[in-house]
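Given next are the chains, with one letter for each unit.
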Amino acid sequence: MSTESGPKAARGAEERAADERAADERETGGGTDGDLGSAGAQLSTAPVEELGQVVPGSFGGVRAPGWRGTVGWTLRECSGWVRWMWRQLTSMRIALILLFLLSLAAIPGSLVPQTSVDEVKAQAWQDAHPTVTPLYRSLGLFHVYSSPWFSAIYILLFISLAGCILPRSWQFVGQLRSRPPAAPRNLTRLPAYATWRTGAGQEQVLGAAEKLMRGRRFRIHRVGSAVASEKGFLREAGNLMFHLALFGLLISFAVGSLWKGEGGKLIVEGGGFSNSLTQYDDFKPGTFYTADDLDPFGFSLDSFEATYARSGPQKGTPRTFRANIHYWLGADGKETKSSIEVNQPLEIGGETVYLIGHGYAPVVTVRDARGKVVYQGPTPFLPSDGSLTSRGVVKVADNYRNRAGGKDQLAFSGIFAPTMVIDNVQGPHSVFPALDRPALVLTAYHGDLGVDSGLPQNVYQLNDKKMKQFRGTNGQPLKAALAVGDVLQLPDGGGSITFDGVKTWASFQVSHQVGNGWALGSAVAAILGLIGSLFIQRRRVWIRATAGVDGVTVVELAGLGRSESAKIADELGDLAHRLLPDAPALPDRDPDAGRAGPDPDADPDPGAVRDAGTTTDPSEEPLLPDEGARA
């Protein structure tokens, strides 16, 4: 009998120890490699992605015989793949990839001229690069932000954020309504831990712990002999705010694209503009923007001020760039004097007027063979370089009569240079953008301009397919460089053109953009949410008071944060130090006295505070438990 009792007793002790270890693993999630069970659960609302690889047939299970089985298996398989694709689309990994792709997709819009921003510049770029233009056009690189591939990335990111935000928000609301989880059985397994023995009663310690944690604005819940507390919900709130702000940015951009309207207008000094469709040089409305949405306003360009650096490495760089205007709002609105600069647009009603560029408009007078003035006024020439070497065309389509009295059409194609230089390498060009030595180089044509065909033409370019050049007495094409006041006589008494002077023109963009305030608010909210998610720590603290067999109380403090950080250990040390006046520590006597129950993982010295594996007397120095404590 005695020979069998020993082995049986040993086996019984081993079974009890195994049961206790299994219970600990269930409670703490399998030890240090687990998630600490309910104590460590739901510290984050981030979705947990499933591991493994999906293979065909993994959703439908066993296919039953007959057509019904085939249909049922197919439906289950399709729904399974849809669910799998939805989980992939709403995962954080795919959202980051889509955000990265959206950033890459926006790069061509910054490098390639966009027709929606400056159609003239985009057309000039295409004319200068005829080889790659067809490829760029097929890829939609001249209208990136409205291209199908950019829209696809945008919409997928929109859906991904929506699918990520909704479940996380619902889960976060559930966490706010729930109580902090009960303390794990073995607090020593948590990253930060402290313990000592005290002569204060259990209720006194727990009451002081509740008061302390409430004063530190922790949410508390007392369960048995422990006080569970939790803090740092603003971290998850900031995380959700950041995602909602990104969602708001996407909505703002979408609304701004659908309800926007923008157009361009070139105005010569002394000219004006009224906000109607017929006044625009080009107008691009959004999908839901109509002519009825145009605000009634107008403005006139009184003068344009432009000064440039005269010396140094920035020679030719603009110093002053200002359009002086008078504007009015409404049909009978009072005129108000103002100015528009590059970074200072004019707000009129719901519209914004931007200054885009400027150039020169030579003033010419054209007379026919009878000496009658058939054209007079400024003609805008478009700049082709930084020194404002400009190209343009003077077209005379009506009222011209040649020497025989017959109707004809004239055109003068040429170059205007504010500071003219002529050399054998570049030919006539400008070396400085100011009007230091203005000159106009013209080539004269006559024939059919093609304006009577009804087809639209670019007013700044000449279609010379049905035109003939005037030729001089030497038989060469007629070409002349004119200073202000000079006259070019056409051959055979065909008339003349006089260079009278120069006026300045300015180009403006009138934009109606909604959603800018929403986009700004979303950007600010994204920054605030990101700051909160980075600098606020979600953590849980448990304070347990257990009556020992020798009549003393064993106090245990443990903390668990969402991420490994020294802040949780520092905060636990501060909490322990503040709790000491209500639960003063007793001096060490017997390492085994005061052990609360058969806990094999408890601190071997419950009369001291453990800090990263060291034992100190809490009455001698502050308690600073570290994350290096047993976990």
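Just so it is clear, the model here is predicted, and its values are computed rather than measured.

**Some thoughts on a nonpolar patch on the surface**
- A cluster of nonpolar side chains, namely M241, L520, V524, I527, L528, L530, I531, L534 and F535, defines an oily patch on the protein surface of about 890 Å² accessible area.
- Of the residues forming the nonpolar patch, the biggest block, eight residues, is contributed by helix α10 (residues 516–535).
- Tracing the sequence through the fold places F535 in helix α10.

**Notes on the sheet that holds strand β2 (residues 219–223)**
- Strand order in the open sheet formed by five strands is β1-β24-β23-β3-β2, and the pairing between neighbours is antiparallel. Of all strands in the sheet, those with a lone pairing partner are β1 (192–198) and β2, marking the two edges. Ignoring strand direction, the axes of neighbouring strands in this sheet form an average angle of 15°.
- Of the pairings in the sheet, the one linking strand β23 (residues 539–547) to strand β24 (residues 553–561) comprises nine bridges and is antiparallel in character. Considered in β24, the bridge of V541 is made with G559.
- Across the sheet, helix α11 (residues 566–579) lies against β1, β23 and β24, angled at about 155° from β24, the strand it touches most.

**As for the nonpolar core**
- Ranked by size, the top nonpolar core spans 26 residues in total, and within it V366, L410, F412, L440, L490 and I497 carry the most contacts.
- Of all the elements in the fold, those that place two or more residues in this core are β11 (351–367), β14 (390–396), β15 (409–417), β18 (439–447), β20 (479–483) and β22 (496–512).
- Residue contacts for I497: discarding those within four places in its chain leaves V364, T365, V366, F412, L442, L482, D486, V487 and L488.
- In this structure, W196, V205, A545 and V555 belong to the second largest nonpolar core, which totals 24 residues.

**With respect to the environment of Q171**
- Note that Q171 resides in helix α7 (residues 148–177).
- Take Q171: its relative accessible area is 31%, and that puts it in the partly exposed class.
- Filtering out sequence-adjacent residues up to four positions away, Q171 remains in contact with S44 and T45.

**Topic: the environment of G286**
- Considering the arrangement of structural elements, one finds G286 in the loop between β6 (282–285) and β7 (297–308).
- When the C-alpha positions of G286 and E262 are compared, they lie 8.5 Å apart, and in sequence the two are 24 residues distant.
- Apart from residues no more than four positions distant in its own chain, G286 is found in contact with S257, L258, K260 and G261.

**Re the pattern of salt bridges**
- Counted by the stated rule, this structure contains 15 salt bridges.
- Here E210 ties to R222 by a salt bridge, and the two come within 3.9 Å at their closest N and O atoms. Residue E210 is found in helix α8 (residues 202–215), and its partner R222 is found in strand β2; the two are separated by twelve residues along the sequence.
- Salt-bridge contacts for R216 lead to D574; the nearest nitrogen and oxygen are separated by 2.7 Å. In this pair, R216 is assigned in the loop between α8 and β2 and D574 in helix α11, connecting sequence segments 358 residues apart.
- For D574, a relative accessible area of 26% gives the class partly exposed.
- Bridged by salt links that share partners, the residues R219, E230, R538 and R540 form one connected network.

**Considerations on the side chain of N275**
- Mapping N275 onto the fold places it in the loop between β5 (272–274) and β6.
- Residue class for N275 comes out buried when judged on its relative accessible area of 7%.
- Apart from residues lying up to four places away in sequence, N275 is in contact with Y280, L294, D295, F297, E351 and V510.

**Details of the sheet that holds β7**
- With antiparallel pairing, four strands are arranged side by side in an open sheet as β5-β7-β8-β9. The open sheet has two edge strands with one neighbour each: β5 and β9 (336–341). Strand after strand, the sheet turns through a mean of 30° between neighbouring axes, direction not considered.
- With six bridges connecting them, strand β8 (residues 318–329) and β9 associate as antiparallel partners. What sits directly across from Y327, in β9, is T336.

**Digging into the confidence of the model for the protein**
- Averaged over every residue, the pLDDT of the protein is 82; residues scoring 70 or more account for 83%.
- When the criterion is pLDDT under 50, residues 1–11 qualifies, and its contacts beyond four places in sequence or with other chains add up to zero contacts.
- Here residues 50–56 is a poorly scored stretch, pLDDT under 50, and it has eight contacts once near neighbours within four places are set aside; other chains count.

Analysis parameters
Residues numbered from 1 in each chain as written. Predicted model: local features only at pLDDT ≥ 70, side-chain atom pairs only at ≥ 80, totals over all residues. Heavy atoms only, no water. Patch = residues over 30% accessible without salt bridge, like charges linked within 9 Å, V, L, I, M, F, W, Y side chains within 5 Å. Areas by Shrake-Rupley, 256 points an atom, 1.4 Å probe, with all protein chains shown as cover. Salt bridge = Lys/Arg side-chain N within 4 Å of Asp/Glu carboxyl O. Helix = DSSP H or I, 4+ residues; strand = E, 2+ residues; numbered from the N terminus. Pairing = 2+ DSSP bridges. Axes fitted to C-alpha atoms, helices over the stretch in contact; angles between N-to-C directions. Contact = heavy atoms within 4.5 Å. Core = buried A, V, L, I, M, F, W, Y, C linked by side-chain atoms within 4.5 Å. Buried < 20%, exposed > 50% of the residue type's maximum accessible area, 1.4 Å probe, protein only. pLDDT = per-residue confidence, 0-100.

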